[in-house]
Amino acid sequence: MSRQRILPLLAVAVLAASFSVNFVHADDDSEQGSRAKYSGENRGKPLQPKQSNSLFQQECSSCHLAYAPGLLPAASWRKIMAGLDKHFGSDASLDARDNKEITDFLVKHSSNRWSAATAPLRITESAWFKRKHDAHEIDPAVWNNPQVKSPANCAACHPQAERGNFNDDDIKIPK
Ligand code: HEC
Ligand code: HEC
């Protein structure tokens, strides 16, 4: 490319960078780009296995949606499942057999791209979540909408969250 053509292109790129937060936040979800991403706190791929577990669906969807296992690393699921008697202010305890079946399912399909040594109890506390839902991406006022209630209420904006579908194209922010 000639010099005369590069300079105007550069100017356009700089303008785009300063005006579009999406440009600055450009997201490379390729395997290679993902390793160091979000300081290693990255969700897995796929988020949801083809075959879910019926006991998990039944026991973990009565108070909120059954969060897809790929949203957290194995160590988080182990901690959550070990503390169900004191689960965010509620008692969600299960008998030992059911607890083991659900733990095994969650651990087996946990995030395969989480390289940090961290294990948050909340999806909403992970680095990838905060980044994807920060003020650059979502008007902070949206979180005060009574239809949203809590950031953990994924389905308020991701109507297909139950199926593990968080695609940009399927997002509906409540008005
Ligand atoms: C008795 C009700 C109840 C049951 C049953 C229950 N939970 Fe929860 N769970 C809660 C509450 C309440 C919260 C906090 C929600 C909030 O902050 O909006 C929560 C939050 C969570 C979060 C963190 C969400 C975030 O902020 O990122 C995870 C993960 C979770 N639950 C997993 C599970 C799993 C796995 C099961 C099944 C073993 C389960 N829950 C069953 C009540 C329940
Ligand atoms: C208030 C609305 C809202 C809530 C509640 C919400 N999200 Fe999101 N989410 C969004 C928006 C808007 C984006 C797109 C951000 C962007 O452009 O990168 C997004 C992006 C995502 C992405 C990335 C999608 C992609 O293709 O890159 C994932 C995964 C995700 N959200 C998961 C969750 C989970 C899991 C929960 C619940 C624990 C949740 N979200 C709660 C609004 C919300």
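This text goes with the structure placed above it.
These figures come from a predicted structure and were not determined experimentally.

Engineer: Sorry if this is basic, but what is going on with the coordination of the iron atom of ligand 2 here?
Structural biologist: Surrounding the iron atom of ligand 2 are the protein donor atoms His 133 (NE2) and His 158 (NE2), at 2.0 Å. Viewed at the metal, the six donor atoms of the iron atom of ligand 2 are separated by angles of 88 to 179 degrees, and the geometry they form is octahedral. Of the two residues, His 133 is situated in the segment after helix H7 (127–132) and His 158 in the segment after H7; the sequence distance between them amounts to 25 residues. Just as His 133 is buried, His 158 falls in that class too.

Engineer: So what exactly am I meant to see when it comes to the coordination of the iron atom of ligand 1 here?
Structural biologist: In ideal tetrahedral geometry, four donors around a metal make angles of 109.5 degrees, whereas ideal octahedral geometry with six donors gives angles of 90 or 180 degrees. The coordination sphere of the iron atom of ligand 1, as far as protein atoms go, consists of His 64 (NE2) and His 87 (NE2), spread over 2.0 Å. If you look at the iron atom of ligand 1, its six donor atoms make angles of 87 to 179 degrees with each other, and the shape they trace is octahedral. Of this pair, His 64 sits in the loop between helix H4 (54–59) and helix H5 (74–82) while His 87 is found in the loop between H5 and helix H6 (96–108), placing the two residues 23 residues apart along the sequence. The exposure class of His 64 is partly exposed, given its relative accessible area of 32%.

Engineer: So what exactly am I meant to see when it comes to the packing of aromatic side chains here?
Structural biologist: In this structure the tally under the stated criterion is two aromatic pairs. Here the aromatic rings of Phe 56 and Phe 105 are separated by 5.2 Å at their centres, their planes lie at 40 degrees, and the arrangement is tilted. Note that Phe 56 is positioned in helix H4 and Phe 105 in helix H6, a separation of 49 residues in sequence. When sorted by exposure, Phe 56 lands in the same class as Phe 105, which is buried. Note on Trp 128 and Phe 129: the rings are 5.8 Å apart at their centroids and 65 degrees apart in plane angle, and the pair reads as edge-to-face. The exposure class of Trp 128 is buried, given its relative accessible area of 6%. Here the guanidinium or amino end of Arg 43 rests over the ring plane of Trp 128, the centre of that ring lying 5.0 Å away.

Thresholds applied
- Residues numbered from 1 in each chain as written.
- Chains lettered and ligands numbered in written order.
- Predicted model: local features only at pLDDT ≥ 70, side-chain atom pairs only at ≥ 80, totals over all residues.
- Heavy atoms only, no water.
- Donors = N, O, S within 2.8 Å, 3.2 Å for Na, K, Ca; no water.
- Tetrahedral: all angles 85-135°; square planar, octahedral: opposite > 155°, others 65-115°.
- Helix = DSSP H or I, 4+ residues; strand = E, 2+ residues; numbered from the N terminus.
- Buried < 20%, exposed > 50% of the residue type's maximum accessible area, 1.4 Å probe, protein only.
- Phe/Tyr/Trp six-rings, centres within 6.5 Å; stacked < 30°, edge-to-face > 60°.
- Lys NZ or Arg CZ within 6 Å of the ring centre and 35° of its normal.

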